[in-house]
Amino acid sequence: MAKLFINENKKLGKINEEIYGHFSEHLGRCIYEGLYVGENSEIPNVNGMRSDVVDALREMKIPVLRWPGGCFADEYHWKDGIGPKEGRKKMINTHWGGVLEDNSFGTHEFMELCEQLGCKTYVNGNVGSGTVQEMSEWIEYMTFDGISPMADLRRKNGREKPWKVDYFGVGNENWGCGGNMTPEYYANLYRRYQTYVRDYSGQGGTAKICCGANGDDYHWTEKVMEVACDHTPQKDHGRMNGLSLHYYTVPNNWDKKGSATQFAEQDWYLTLRKALYMEELIQKHGAVLDQYDPEKQIGLMVDEWGCWFDVEPGTNPGFLYQQNTMRDALVACVTLNIFNKHCDRVKMANIAQLVNVLQSVILTEGAKMLLTPTYYVFRMYKYHQNAQLLDSTLETAAVGEGENTVPKISESVSLAEDGAIHITLGNLSANEAEDVEISFYENKGRTVSGSILTGAIAAHNTFENPDEVKEQAFTTYSLSPQGILKVTVPACSVVHLEVKA
Ligand code: AHR
């Protein structure tokens, strides 16, 4: 039996809603078909955005969306994607699959999508192959309300008022696909480029994100912070509001990652162990950040994370299309629990990618759409958004074998504004249920309700059987007169409990 003690009187900080963020890239069928089908499509849409997908994402409460990449961002020239569609440049997406990119989805379409989703905007600029002028003009185009060449151009293209760019990324993976730079070289470029990411609103409306490390490259973090950070006593963090981190859960190695659906129990534990490594990364990069920013004003933005498996057999290898099973659900569960627990430093995270690519929450096939197990985890966890992290302590057994031993139970707990306590639990065992005894600091009269996502380790939804795995009502719990909540969590499952006084 596992034991969870919750001190509902000890709030540890706000869980930023952006931790539940997503990432859309011009990659495979993410943008085209997955999100955008065009105004003339037979697939029901509003201004080209497919309505089934928008509705599902609203229901999941998507808080922020990153665009246009990824590696695509450092090859993207925003002026190719504005103005009348027939005049937009047609080109080859050299990075992803060598397919035609007709630029029919550009800045206006991204902003329209975010308006329909009701989410914040995260635009990633081009440092690798773009100029300072190009980046500066993009910001002017999107955010300036006065008279200027770019604001006038925006109006000419049909948008009177500026948009809000909540987050702006100054390059992506500049240690790799974004220009193969050294940290010192990039950090100097960061200082220069970010200068021209002007605050036209005058209200500090756009948070600037500096390109951070690949996985455990702490040297990158050290050097970038040393060079790009403001060391004056004023510590002008306006120069840097966030530092990104990319980490993907790859079961084996980059050449042979492993199948998304055909895997054994040992792969299950191996994958979960690798997902749990996120905690060490946050702690160690966080320790470097603490040296420069002890007040924790610079957020660690994990703006790419998730499972990365071999592509679905028979699909374009450059599209990175993969299926999504209960293993992905548990990876999402443990990762989101880790982010919640480190909400003092992790201010945003964006799982890759929203639709039809890596660990997607939605898959589409023509007019058909399905929700993946990962979708349900995000929907079950939405109650943590903007809630207060509560102090919780867990005693749990371990499961797995040898090196691939993981805690059996994963948890995080938060307090919502309406006073409800939200507990999310994962049982990482492939085949054993676990009882969890939950106690609170105070014994008050409480009521409990909950939902569960469960199935065999490789269970997943297909277009033939889209409801094989779905969120269901959860009932295997009891509340004692002493206020102890006893819960039986089936093997391989994710549970959300709402506890009200
Ligand atoms: O998510 C796919 C790619 O992975 C992104 O484009 C890039 O940033 C990362 O290497």
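Data block above holds the structure.
Keep in mind that this is a model prediction, so the values were computed, not measured. (Residues numbered from 1 in each chain as written. Predicted model: local features only at pLDDT ≥ 70, side-chain atom pairs only at ≥ 80, totals over all residues. Heavy atoms only, no water.)

Draft legend 1. How the structure looks around the site of the ligand. Close contacts around the ligand come from Glu25, Gly70, Cys71, Trp96, Asn172, Glu173, Tyr248, Glu304, Trp308, Gln353 and Leu358, and that covers them all. Note that an oxygen atom of the ligand is positioned 2.6 Å from one of the side-chain N or O atoms of Gln353. Partitioned by chemical class, the residues of the shell around the ligand number five nonpolar, three polar and three charged. (Near = heavy atom within 4 Å. Polar contact = N/O pair within 3.5 Å; in protein donor to acceptor, adjacent residues only side chain to side chain. Nonpolar A, V, L, I, M, F, W, Y, C, P; charged D, E, K, R; others polar.)

Draft legend 2. Representation of the pattern of salt bridges in the model. Using the criterion set out here, one finds 31 salt bridges in the structure. Close ionic contact of Arg159 with Glu115 constitutes a salt bridge, the shortest N to O distance being 3.2 Å. With Arg159 in the loop between helix 4 (149-156) and strand 9 (167-170) and Glu115 in helix 2 (residues 107-117), the pair connects residues that are 44 residues apart, well separated along the chain. With relative accessibility at 45%, the residue Glu115 sits in the partly exposed group. In this structure, the salt-bridge partner of Arg345 is Asp293, at a minimum N-O distance of 2.8 Å. On the criterion of sequence distance, the pair formed by Arg345 in the loop between helix 8 (326-341) and strand 13 (346-352) and Asp293 in the loop between helix 7 (265-292) and strand 12 (299-307) is long-range, its members being 52 residues apart. The class for Arg345 is buried, based on a relative accessible area of 3%. For Asp293, a relative accessible area of 0% translates into the label buried. (Salt bridge = Lys/Arg side-chain N within 4 Å of Asp/Glu carboxyl O. Helix = DSSP H or I, 4+ residues; strand = E, 2+ residues; numbered from the N terminus. Buried < 20%, exposed > 50% of the residue type's maximum accessible area, 1.4 Å probe, protein only.)

Draft legend 3. Geometry of helix 6 (residues 218-228). Where helix 6 is concerned, the buried positions are Tyr218, Trp220, Thr221, Val224, Met225, Val227 and Ala228. Looking at the buried side of helix 6, the elements it contacts are helix 5 (183-195), strand 10 (207-214), strand 11 (242-249) and helix 7. (Contact = heavy atoms within 4.5 Å.)

Draft legend 4. Looking closely at the environment of Tyr376. Looking at the element boundaries, Tyr376 is found in helix 9 (residues 373-380). Each C-alpha atom, one on Tyr376 and one on Met60, is 8.0 Å from the other, the two residues being 316 residues apart in sequence. Beyond its immediate stretch of four places on either side in the chain, Tyr376 contacts Leu371, Leu453, Asn461, Val469, Lys470 and Glu471.

By themselves, these observations are geometric and do not establish any function.
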